[in-house]
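For reference, the chains in residue letters:
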Amino acid sequence: MPPYDDIPAAEITPESLYLDRRRFLRLGAAGALGALLPAAAAGCEQPRRNAADPDAQERPDRPTSYEDITSYNNFYEFGLDKGDPARNARTLRPRPWSVAIEGLVAKPGVYGLEDILRGVTMEDRIYRLRCVEAWSMVIPWRGFPLADLVRRVEPLPGAKFVEFQTLYDPEQMPGQRSRTLDWPYVEGLRLDEARHPLTLLATGLYGRDLPNQNGAPLRLVVPWKYGFKSIKSIVRIRFVERQPVSSWERANPGEYGFYSNVNPDVDHPRWSQKNERRIGELRRRDTLMFNGYGDQVAQLYRGMDLRRYF
Ligand code: MTE
């Protein structure tokens, strides 16, 4: 198990899939990720839904089904409805792909996806995702720590924040023809958040390559922040001195702050953040501070007023 994967896979994953996860890790070490999918996982034995389970709150986290993860999500570049990304994202061409590394780094450049992935150790990590809209999932990601990439490009001393951008191409992303957001989608992290070992650049889920609708071929995963911080289909990573303005902050600064840490004590102005609906369950769960990752990340925010820096 990777050290920061706090949901023990052996407890929550059907044993057959768990065993295959161990095989995935070995394949990963051999550098054969993504292309090679063990047959049992290709059939994808999904965890059962526990929709009628009255004790859901007390039950351990179970991975959300592959079907739900890939058919109910937000990717406004393909439409506003939760089913739109799965319906419309086939127009995205995730290969070939390149990522521009810019700003205050010793090694800027436009890197092919293969260059970015060369030499990284892929890991399978099961993380909770908590959307600002008060639904949640548990997702078995495949990816590598963003910290590895940060180290390789060598930030200069002035770099304090990292800004990320999604592809802008209305032909591939038809939702960009309407002005729902100020395209391209932008997100940002403090440099220490970007270097935190929980922060992943994901290339897959459930042992498969990311489907287009989940942000192929490369997306961010920051499990202690509301889901919208986890920007998809990244083409630009810029190291900057000043705090970036994210798309959601630009659209509505009263409702979406830069930090966006999951915090049950700070309500969204239009709804409570105290609890959440886990997709696949009927009963709501209490929302946990930092989405349950407080032991690992609370020290990043020591001394900060998290009502002000929401
Ligand atoms: N990234 C881009 N480029 N565009 C988006 O609309 N939506 C965000 C985030 N990343 C979004 C995005 C939101 S609101 C959520 S909840 C997550 O993606 C959900 O996607 P996932 O379930 O595939 O993680």
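An account of the accompanying structure is given in this report. Here, residues in each chain are numbered from 1, in the same order as that chain's written sequence. Given that the model is predicted, a residue must reach a pLDDT of at least 70 before its local features are reported, and side-chain atom pairs must reach 80 or more before they are shown or counted; all residues, however, enter totals for whole chains, interfaces and linings. Working from all heavy atoms in the structure, the side-chain values ignore hydrogens and water.

## With respect to the overall build of the chain
Line of reasoning, step 1. Think of it this way: any DSSP run of H or I at least four residues long counts as a helix, any run of E at least two long counts as a strand, and we number them from the N terminus. For the chain, the count of helices and strands is ten helices and twelve strands.
Line of reasoning, step 2. Throughout, exposure labels follow a simple rule: accessible area from a 1.4 Å probe, protein chains only, divided by the maximum for the residue type, with under 20% read as buried, over 50% as exposed, and the rest as partly exposed. Looking at the chain as a whole, 57% of its 310 residues are labelled buried.
Line of reasoning, step 3. Looking at the chain alone, contacts between residues at least 24 apart form 70% of all its contacts between residues at least 6 apart.
Line of reasoning, step 4. Put simply, the chain shows about 13700 Å² of open surface, and 51% of that area lies on carbon and sulfur atoms. Residues count as neighbours in contact if any of their non-hydrogen atoms are within 4.5 Å of one another. Accessibility throughout is a Shrake-Rupley quantity obtained with a 1.4 Å probe, and a residue counts as covered only by protein chains that appear here.

## Digging into unusual backbone geometry
Line of reasoning, step 1. For the bond running from Trp-183 to Pro-184, omega is -5 degrees, close enough to zero to count as cis.
Line of reasoning, step 2. Inspection of the secondary structure assignment puts Pro-184 in the loop between strand S5 (161–166) and strand S6 (186–190).
Line of reasoning, step 3. Each neighbour pair has its own omega, and for Ala-216 with Pro-217 the value is -5 degrees, a cis peptide bond.
Line of reasoning, step 4. Of note, Pro-217 is situated in the loop between strand S8 (208–209) and strand S9 (219–221).
Line of reasoning, step 5. Within the chain, Ser-233 stands out as a residue other than glycine whose phi angle is a positive 45 degrees.
Line of reasoning, step 6. The topology assignment puts Ser-233 in the loop between S9 and strand S10 (234–240).
Line of reasoning, step 7. Here the phi dihedral of Asn-291 falls at roughly 55 degrees; this positive angle occurs in a residue that is not glycine.

## Regarding the layout of surface pockets
Line of reasoning, step 1. In this analysis a 1.4 Å probe is tested at points of a 1 Å grid over the protein atoms alone, and where it fits but cannot get out there is a cavity; an open set with protein on both sides within 12 Å along at least five of seven lines is a pocket; lining residues have an atom within 4 Å of a point. Grid points are joined across faces, edges and corners, and a volume is the space filled by probe spheres set on the points. A volume near 420 Å³ is recorded for the largest pocket.
Line of reasoning, step 2. Looking at the largest pocket, it is lined by 27 residues, and the ones nearest its centre are Asn-74, Tyr-185, Gly-227, Phe-228 and Lys-232.
Line of reasoning, step 3. Examining the composition of the lining of the largest pocket, we find that four residues originate from one element, strand S4 (residues 135–145), more than from any other.
Line of reasoning, step 4. Polar here means any residue other than Ala, Val, Leu, Ile, Met, Phe, Trp, Tyr, Cys and Pro, which are nonpolar, and Asp, Glu, Lys and Arg, which are charged; Gly is therefore polar. Looking at the lining of the largest pocket, its residues break down into 17 nonpolar, six polar and four charged.

## Observations regarding the site of the ligand
Line of reasoning, step 1. Residue proximity to a molecule or strand is established when one non-hydrogen atom of the residue lies within 4 Å of it. Inspection of the region around the ligand gives 16 residues, with Tyr-76, Glu-77, Thr-166, Ser-230 and Lys-232 positioned closest.
Line of reasoning, step 2. Asn-74 is positioned with one of its backbone polar atoms (N or O) 3.3 Å from a nitrogen atom of the ligand.
Line of reasoning, step 3. Under this definition, polar contacts are N or O atom pairs within 3.5 Å; protein pairs additionally need one hydrogen-donor-capable and one acceptor-capable atom, and for neighbouring residues in sequence, both atoms have to be side-chain atoms. Between an oxygen atom of the ligand and a side-chain N or O atom of Arg-219, the distance comes to 2.9 Å.
Line of reasoning, step 4. Contact with the protein chains hides 99% of the accessible area of the ligand, taken as 530 Å² for the molecule alone.

## Quick notes on helix H7 (residues 146–153)
Line of reasoning, step 1. The buried fraction of H7 amounts to six of the eight residues, a majority that puts the element mostly inside the structure.
Line of reasoning, step 2. Looking only at H7, the buried set comprises Leu-146, Ala-147, Asp-148, Leu-149, Val-150 and Val-153.
Line of reasoning, step 3. Two residues or fewer past H7, Glu-154 is found with a positive phi of approximately 60 degrees.

## Here we look at the packing of aromatic side chains
Line of reasoning, step 1. Think of it this way: a Phe, Tyr or Trp ring, Trp meaning its six-membered ring, pairs with another when their centres are within 6.5 Å, and the plane angle makes it stacked under 30 degrees, edge-to-face over 60, tilted otherwise. Enumeration according to the criterion identifies 13 aromatic pairs in this entry.
Line of reasoning, step 2. Ring geometry for Tyr-72 and Trp-135: centres 5.2 Å apart, planes at 80 degrees, overall edge-to-face. Residue Tyr-72 is located in the loop between helix H4 (66–71) and helix H5 (84–88), and its partner Trp-135 is located in strand S4; the two are separated by 63 residues in the primary sequence.
Line of reasoning, step 3. Looking at Tyr-72, the relative accessible area reads 23%, which means it is partly exposed.
Line of reasoning, step 4. Between Phe-75 and Phe-78, the ring centres sit 4.9 Å apart and the planes meet at 85 degrees, which makes this aromatic pair edge-to-face. The two residues Phe-75 and Phe-78 agree in class, both being buried.
Line of reasoning, step 5. Here the aromatic cluster, defined as three or more aromatic residues joined through ring pairs, consists of Phe-161, Phe-258, Tyr-259, Phe-290, Tyr-301 and Tyr-309.

## Comments concerning the pattern of salt bridges
Line of reasoning, step 1. A side-chain nitrogen of Lys or Arg and a carboxyl oxygen of Asp or Glu constitute a salt bridge if their distance falls within 4 Å. Applying the stated criterion across every chain yields a total of 23 salt bridges.
Line of reasoning, step 2. Residue Arg-118 pairs with Asp-115 through a salt bridge whose shortest N-O separation is 3.0 Å.
Line of reasoning, step 3. Exposure remark for Arg-118: the relative accessible area of 55% places this residue in the exposed category.
Line of reasoning, step 4. A relative accessible area of 32% means that Asp-115 is categorised as partly exposed.
Line of reasoning, step 5. Residue Glu-281 pairs with Arg-285 through a salt bridge whose shortest N-O separation is 2.9 Å.

## Overview of the sheet that holds S10
Line of reasoning, step 1. If DSSP finds at least two bridges between two strands, the strands pair. Spatially, five strands are ordered S2-S1-S10-S5-S6 in an open sheet, and the strand pairing comes out mixed. At either margin of the open sheet sits one strand with a lone partner, and together these are strand S2 (109–112) and S6. Neighbour-to-neighbour, the strand axes of the sheet open up by a mean angle of 20 degrees, direction not taken into account.
Line of reasoning, step 2. Note: strand S1 (residues 98–103) against S2, four bridges, orientation antiparallel. Residue pairing for S2: Ile-101 is matched across the bridge by Gly-109.
Line of reasoning, step 3. Contacting S1, S5, S6 and S10, H7 runs over the sheet at an angle of about 60 degrees to S10. Under this scheme, a helix contributes an axis fitted over its contacting stretch, all axes are lines through C-alpha atoms, and angles between N-to-C directions fall in the 0 to 180 degree range.

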